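# Architecture at a glance
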Amino acid sequence: MTDFDYDLFVIGAGSGGLAASKRAASYGAKVAIAEGDLVGGTCVIRGCVPKKLMVYASHFSHFPHESAGYGWTIPEGTLDWEKLRDAIQTEVSRLNKLHISFLSKNNVELISGFAKFVDAHTVAVGDRQFTAERILISVGGEAFKPDLAGIEYAITSKEMFLLPQFPKRFAVIGGGYIGTEFAGIMRGLGSEVTQIIRDHYVLKGFDNDVRINVQEGMVNHDINFHTCIDSNSLKIIKNSQEHENALTIAFNDAEGKAQQVNADVVLAATGRKPNLAPLSLEQAGIAVVNDAIAVTEDSCTNQPHIYAIGDCTNRVNLTPVAIAEGRAFADTVYGHKPHFISHKNIPSAVFSQPEAATVGLSEETARELYGNRVKVYKTKFRPMFYSLAGGEAKTMMKLIVVGEEERVVGLHMVGKDAAEIIQGMSLVVTMGGCKKDLDNTMAMHPTAAEEFVTMQ
Ligand SMILES: Cc1cc2nc3c(=O)[nH]c(=O)nc-3n(C[C@H](O)[C@H](O)[C@H](O)COP(=O)(O)OP(=O)(O)OC[C@H]3O[C@@H](n4cnc5c(N)ncnc54)[C@H](O)[C@@H]3O)c2cc1C
Ligand SMILES: NC(=O)c1ccc[n+]([C@@H]2O[C@H](COP(=O)([O-])OP(=O)(O)OC[C@H]3O[C@@H](n4cnc5c(N)ncnc54)[C@H](O)[C@@H]3O)[C@@H](O)[C@H]2O)c1
């Protein structure tokens, strides 16, 4: 028996908080979860799920010309944006209700409202206060907009799902996951798209071949690029109503020459930051480092009974990671099955067009770590689908191996079904497999994935 209202109070019902609260309750803990917005969090409400549905929607525009080579005559279609937007919101709302019902089925009490610390064992939600033996912070992150003139005219990924009108011209600032994914989505849905980035290529931090091949594919889909721009010179100007487009982005290019891009909607996809300001962390004496909650390997903060998981800790900001951290916390603290997750070799996909997926080390990082013990196998080909469909689409696959035994330390792919293929292939890296294990695996023909087991 404790004198607290709850054994565990979870702040934030997103991917991590939902997973942790249900797992802790399954071990018999008395659990409450506070959510200030819609249950489901970034991934379900304004991230992975509605984004992937938009990716699917954007693929249909390729059908008329791709199917022509296969003998079909499918007329060019038109997009009803409001219908798509509302259908996605209906699905989001179904998932929101489903997650609420999962909480109640798992005996987790939902408390609606934003929570903040009163002291190290007390949390306030509105004018109610709750005490708990342990507290888990899983408040996620929010879009970060740089301090540029006119930045208030740019929207963030959150508003992309709720656009009142579909933009004829769309511009995105940023070359990370979100900018690159939305550039592809909006192009596929019919906008004229310009992506404005600070580097030579999108997706900094990924293997260079991935970066180059994604960008080449995007250019082939008629996405305009401004690369190596001077980000200090960026500004967004609101145009008068007579102007063809609502906004103009002005900036200097690499040579210092002034450039302008007109657009109806500008997306600032310039990174995300942990959502800590409303929490009053100082009331509980919780340490923050580089704008994120500082945690140990087992997700414990500097207060031994307060834990933090997911994007608010800024380790690897992906849904499966937040879920795994949440479950590891609950298993360790309430299930007496202590374990923590490894943040190495986490597979990830960018749902750009072409799609990219990766696990393990890039060639550049592998060479830094292992020098000339690194060997690279690489292939680039036109997938069979396009032999009749036409077009320039290519698939690139790359295998990074180390040492005489040729241990596989990295796998990278750009092209159709990259995410589905790399999810399966990631097992080789996790299990410490070698090139010979791939060689000993019989190919499945005709597939694109078979290239990974037949590369010479
Ligand atoms: C556009 C976009 C696309 C993405 N696509 C992918 C993808 O394809 N694959 C992938 O793996 N990841 C993707 N991500 C990342 C993924 O969404 C996050 O990594 C994941 O949601 C993190 O989970 P979390 O539990 O840490 O936080 P969140 O899911 O953000 O949940 C935090 C919750 O806490 C609530 N909250 C915040 N403060 C308080 C408070 N004080 N009191 C009460 N509640 C509070 C918030 O309202 C929110 O519901 C995407 C992100 C974005 C923005
Ligand atoms: N498919 C997925 O798994 C997926 C999809 C979307 C988001 N996410 C997660 O969300 C996180 C955030 O995504 P993101 O794309 O917002 O961030 P990011 O950190 O991946 O990219 C931010 C981009 O903005 C640019 N930038 C930053 N400040 C700028 C400035 N002042 N001027 C011009 N450019 C500037 C950076 O150079 C970079 O290209 C990702 O790191 C990822 O963890 C994952």
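Residues numbered from 1 in each chain as written. Chains lettered and ligands numbered in written order. Predicted model: local features only at pLDDT ≥ 70, side-chain atom pairs only at ≥ 80, totals over all residues. Heavy atoms only, no water.

In the annotation of an unreviewed UniProt entry, the protein is listed under the name Glutathione-disulfide reductase and assigned to Pseudanabaena mucicola FACHB-723. What the UniProt record of the protein gives under Cofactor (unreviewed entry) is the line "FAD". (UniProt positions renumbered as here; feature names shortened; annotations may be inferred.)

### Overview of the site of ligand 2
Every one of the 20 residues lining ligand 2 counts as a neighbour, but Gly175, Ile178, Glu181, Asn317 and Ala349 are closest to it. Between Ala349 and ligand 2, the recorded distance is 2.7 Å, taken from a backbone N or O atom to a nitrogen atom. Surface burial for ligand 2 is 77%, taken as the share of its 850 Å² of free accessible area covered by protein chains. Put simply, the parts of the chain that give the shell around ligand 2 at least two residues each are helix 7 (177-189) and strand 11 (230-238). The element best represented in the shell around ligand 2 is helix 7, accounting for three residues. Here the residues of the shell around ligand 2 are counted per class, giving nine nonpolar, seven polar and four charged. (Near = heavy atom within 4 Å. Polar contact = N/O pair within 3.5 Å; in protein donor to acceptor, adjacent residues only side chain to side chain. Areas by Shrake-Rupley, 256 points an atom, 1.4 Å probe, with all protein chains shown as cover. Helix = DSSP H or I, 4+ residues; strand = E, 2+ residues; numbered from the N terminus. Nonpolar A, V, L, I, M, F, W, Y, C, P; charged D, E, K, R; others polar.)

### Structural notes on the UniProt feature "domain: Pyridine nucleotide-disulphide oxidoreductase dimerisation" (unreviewed entry) in the protein
As annotated in UniProt, the feature "domain: Pyridine nucleotide-disulphide oxidoreductase dimerisation" (unreviewed entry) corresponds to residues 346-455 in the numbering used here. Between the end C-alpha atoms of residues 346-455 there is a gap of 23 Å, over a span that is 28% helix and 29% strand.

### Observations concerning the environment of Glu255
The topology assignment puts Glu255 in the loop between strand 12 (247-252) and strand 13 (258-263). In this structure, the C-alpha to C-alpha distance between Glu255 and Phe381, residues 126 residues apart in sequence, is 35 Å.

### Side note on the site of ligand 1
Neighbouring residues of ligand 1: 36 residues in total, closest Gly16, Glu35, Thr42, Lys51 and Ala115. Leu318 is positioned with one of its backbone polar atoms (N or O) 3.3 Å from an oxygen atom of ligand 1. Listing elements by their share of the shell around ligand 1, those giving two or more residues are helix 1 (15-26), strand 2 (31-35), helix 2 (41-46), helix 3 (48-59) and helix 9 (319-333). With four residues, helix 2 is the largest single contributor of residues to the shell around ligand 1. The class makeup of the residues in the shell around ligand 1 is 14 nonpolar, 16 polar and six charged.

### Thoughts on the sheet that holds strand 23 (residues 407-414)
Note: strands within a sheet are paired through backbone hydrogen bonds, in either parallel or antiparallel orientation. Spatial ordering of the open sheet is given by 19-20-23-22-21, a layout of five strands whose pairing is antiparallel. One side of each edge strand has no neighbouring strand; the edge strands of this open sheet are strand 19 (348-350) and strand 21 (374-381). Shown here is a sheet whose adjacent strand axes are inclined to one another by a mean of 15°, direction ignored. As paired elements, strand 22 (residues 395-402) and strand 23 share seven bridges and run antiparallel to each other. Residue Lys398 lies in a different strand from strand 23, and its bridge partner there is His412. Across the sheet, helix 10 (residues 363-370) touches strand 21, strand 22 and strand 23, and the angle it forms with strand 21 is around 165°. (Pairing = 2+ DSSP bridges. Axes fitted to C-alpha atoms, helices over the stretch in contact; angles between N-to-C directions. Contact = heavy atoms within 4.5 Å.)

### Quick word on the confidence of the model for the protein
Within the protein, residue pLDDT values average 97, and 100% of them lie at 70 or more. Confidence metrics for the complex model read pTM 0.98 and ipTM 0.98. (pLDDT = per-residue confidence, 0-100.)

### Quick look at the packing of helix 3 against helix 7
One way to put it is that helix 3 packs onto helix 7 with a least axis distance of 8 Å and a crossing angle of 40°. With respect to each other, helix 3 and helix 7 are oriented oblique. Crossing handedness for the pair helix 3 and helix 7: left-handed. Residue-level inspection shows Lys51, Met54, Val55, Ala57 and Ser58 of helix 3 in contact with helix 7, the latter providing Glu181, Phe182, Gly184, Ile185, Gly188 and Leu189. Here the residues of the contact of helix 3 with helix 7 sort into six nonpolar, three polar and two charged. (Parallel < 35°, antiparallel > 145°, perpendicular 65-115°, else oblique. Left-handed = near helix turned anticlockwise from the far one by under 90°.)

### Description of the UniProt feature "domain: FAD/NAD(P)-binding" (unreviewed entry) in the protein
As recorded in UniProt, the sites labelled "domain: FAD/NAD(P)-binding" (unreviewed entry) are residues 6-326. Taken as a whole, residues 6-326 contains 31% helix and 27% strand, while its terminal C-alpha atoms sit 18 Å from one another.

### A few points about unusual backbone geometry
Here the residue pair Gln353 and Pro354 is connected by a cis peptide bond, since its omega of 15° sits within 30 degrees of zero. Note on placement: Pro354 falls in the loop between strand 19 and strand 20 (356-360). Here the phi dihedral of Asn345 falls at roughly 55°; this positive angle occurs in a residue that is not glycine. When its relative accessible area of 32% is taken as the criterion, Asn345 is described as partly exposed. (Buried < 20%, exposed > 50% of the residue type's maximum accessible area, 1.4 Å probe, protein only.)

### Quick look at the environment of His62
Examined against the element boundaries, His62 turns out to sit in the loop between helix 3 and helix 4 (63-68). Note on His62: relative accessible area 18%, which makes it buried. Residues His62 and Gly424, 362 residues apart in the sequence, show an inter-C-alpha distance of 27 Å. If we skip the residues at most four places from it in the chain, His62 touches His221 and Gln353.

### Some points on the packing of aromatic side chains
Evaluation of the coordinates by the stated rule reveals 11 aromatic pairs. With centroids separated by 6.2 Å and ring planes inclined at 65°, the aromatic side chains of Tyr6 and Phe9 adopt a geometry described as edge-to-face. The same class applies to Tyr6 as to Phe9, namely buried. Three or more aromatic residues joined by ring pairs form one cluster here, namely Tyr6, Phe9 and Phe130. Here the guanidinium or amino end of Lys30 rests over the ring plane of Tyr6, the centre of that ring lying 5.2 Å away. Geometry around Tyr377 places Lys435 over its ring, the cationic atom sitting 4.7 Å from the centre. (Phe/Tyr/Trp six-rings, centres within 6.5 Å; stacked < 30°, edge-to-face > 60°. Lys NZ or Arg CZ within 6 Å of the ring centre and 35° of its normal.)

### Remarks on the pattern of salt bridges
Within the structure shown, the criterion is met by 20 salt bridges. For Lys398, the salt bridge identified is with Asp209, shortest N-O distance 2.6 Å. Highlighted residues: Lys398 in strand 22 and Asp209 in helix 8 (residues 208-220), separated in sequence by 189 residues. Accessibility classification places Lys398 together with Asp209 in one group, the buried group. (Salt bridge = Lys/Arg side-chain N within 4 Å of Asp/Glu carboxyl O.)

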